[in-house]
Amino acid sequence: DNYIMQHNIDETDCDIIAYVGGCILYKLKRKYKEFEYKDCLEMFTCGQEDAAASEMTKSKDRGGLTYIKESTLDLFCKMEVIFRQKAKNVSKIEPIEYVNECGTHLADDFLLCLHERGGKFRDDVIIEIMQDIFALFFKIRIHHRCKIIIQKMKIQSKCSKGLRKGLKRKKELEENKSANA
């Protein structure tokens, strides 16, 4: 997809996003007990032979992975683009802000995924599932981003023990040096 290429999402990123997207849909299928919700979520998935999955995803499958179709992968990649844009120069991102922005920009893509296969669902079901998908994607991405930041801080502080203790010691040393100077 040209849109995805313009925003620096390469094939490896798409592979990871397809895997994460399948995990999100699997988790939501387990969350919802009502058939209408489960049927709605089925509109985003497909069998392994029709999947937008890569060899990486297929190699992780032990018989229980949820595969997503191509239009669903496009939706998740666009969610990734929005996340990257929001997270670029901001130290704090509100989940509700991200979910609302995805809803504003991706509602048509979301509905396209549903109606491709003739799905007709109540509006409240569609809205709840859409918000849950956006929120779970955000939660996974922000967790990953925090993990990377912590790893960078550990490398920068060169502490082998816990990060907080290492940073606290470093700050105390700096304060002692400035007090002695």
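Residues numbered from 1 in each chain as written. Predicted model: local features only at pLDDT ≥ 70, side-chain atom pairs only at ≥ 80, totals over all residues. Heavy atoms only, no water.

S.K.: Explain the overall build of the chain here, please?
M.R.: When helices and strands are tallied, the chain shows 8 helices and 2 strands. Starting at the N terminus, the α and β elements of the chain follow one another as α-α-α-β-α-β-α-α-α-α. Buried positions account for 39% of the 181 residues belonging to the chain. Restricting to contacts in the chain with at least 6 residues of sequence separation, those with at least 24 account for 67%. (Helix = DSSP H or I, 4+ residues; strand = E, 2+ residues; numbered from the N terminus. Buried < 20%, exposed > 50% of the residue type's maximum accessible area, 1.4 Å probe, protein only. Contact = heavy atoms within 4.5 Å.)

S.K.: Help me understand the pattern of salt bridges in this model?
M.R.: Where charged atoms of side chains with opposite charge meet at close range, the side chains can pair. Overall, the coordinates contain 8 salt bridges when judged by the stated rule. Here K29 and E42 are joined by a salt bridge, their closest N and O atoms 2.8 Å apart. Pair noted here: K29 is in helix α2 (residues 11–31) and E42 is in helix α3 (residues 35–42), with a separation of 13 residues, a long-range link. Among the residues examined, K29 registers a relative accessible area of 17% and is labelled buried. Overall, E42 belongs to the partly exposed group, its relative accessible area being 34%. One connected set of salt bridges, linked through shared partners, spans D13, E80, R84 and R141. (Salt bridge = Lys/Arg side-chain N within 4 Å of Asp/Glu carboxyl O.)

S.K.: Teacher, can you tell me more about the side chain of T72 here?
M.R.: Structurally, T72 can be placed in helix α5 (residues 70–87). If near-sequence neighbours (up to four positions away) are discounted, T72 is found in contact with L25, F44 and C113.

S.K.: Would you explain the packing of α2 against α5 in this entry?
M.R.: Each pair of packed helices can be summarised by the angle the axes make with each other and by the distance between the axes. In the contact formed by α2 and α5, the axes pass within 9 Å of each other and the chain directions differ by 105°. With respect to their mutual orientation, α2 and α5 come out roughly perpendicular. Along the contact surface, α2 presents D13, C14, I17, A18, G21, I24 and L25, while α5 presents T72, L73, F76, C77, E80 and R84. For the contact of α2 with α5, the per-class residue count stands at 8 nonpolar, 2 polar and 3 charged. (Axes fitted to C-alpha atoms, helices over the stretch in contact; angles between N-to-C directions. Parallel < 35°, antiparallel > 145°, perpendicular 65-115°, else oblique. Nonpolar A, V, L, I, M, F, W, Y, C, P; charged D, E, K, R; others polar.)

S.K.: I'm lost on α2 in this one. Help?
M.R.: What sets the pattern is the α-helix's 3.6 residues per turn: residues three or four places apart point alike. Under the 1.5 Å per step criterion, the end-to-end length of α2 is 30 Å for 21 residues, consistent within 8% with the ideal 30 Å. For α2, the full list of buried residues reads C14, D15, I17, A18, V20, G21, G22, I24, L25, L28 and K29. Between the side-chain oxygen of the N-cap and the backbone nitrogen of T12 there are 3.2 Å, and the N-cap of α2 in question is D10. (Expected span 1.5 Å × (residues − 1). Polar contact = N/O pair within 3.5 Å; in protein donor to acceptor, adjacent residues only side chain to side chain.)

S.K.: Honestly, the environment of E101 in this entry has me stumped. Any pointers?
M.R.: Here E101 shows up in helix α6 (residues 95–115). Residue class for E101 comes out partly exposed when judged on its relative accessible area of 23%. Sequence spacing of E101 and F134 is 33 residues, and the spatial spacing of their C-alpha atoms is 9.6 Å. Those residues within four positions of E101 in sequence are excluded, and the remaining contacts are I82 and K86.

S.K.: I tried to follow the packing of α5 against α6 on my own but got confused; where do I start?
M.R.: As a packed pair, α5 and α6 sit with axes 10 Å apart at the nearest point and diverge in direction by 160°. With respect to α6, the element α5 is oriented roughly antiparallel. Seen along the crossing, α5 lies across α6 with a hand that is right-handed. Residue-level contacts link S71, T72, L75, K78, M79, E80, I82, F83 and K86 of α5 to E97, Y98, E101, C102, H105, L106, D109, F110 and C113 of α6. Here the contact of α5 with α6 is composed, by residue class, of 9 nonpolar, 3 polar and 6 charged. (Left-handed = near helix turned anticlockwise from the far one by under 90°.)

S.K.: What should I look at first to understand a positive patch on the surface in this one?
M.R.: Taken together, K27, R30, K33 and K139 make up a surface patch of like positive charges. Structurally, K27 can be placed in helix α2. (Patch = residues over 30% accessible without salt bridge, like charges linked within 9 Å, V, L, I, M, F, W, Y side chains within 5 Å. Areas by Shrake-Rupley, 256 points an atom, 1.4 Å probe, with all protein chains shown as cover. Lys, Arg positive; Asp, Glu negative; His and termini not counted. Charge placed at Lys NZ, Arg CZ, Asp CG, Glu CD.)

S.K.: Just checking my understanding: could you explain α5 for this structure?
M.R.: With 18 residues, α5 extends 26 Å from end C-alpha to end C-alpha; this agrees with the ideal 26 Å at 1.5 Å per step. The element α5 is largely enclosed, with a buried count of 14 among its 18 residues.

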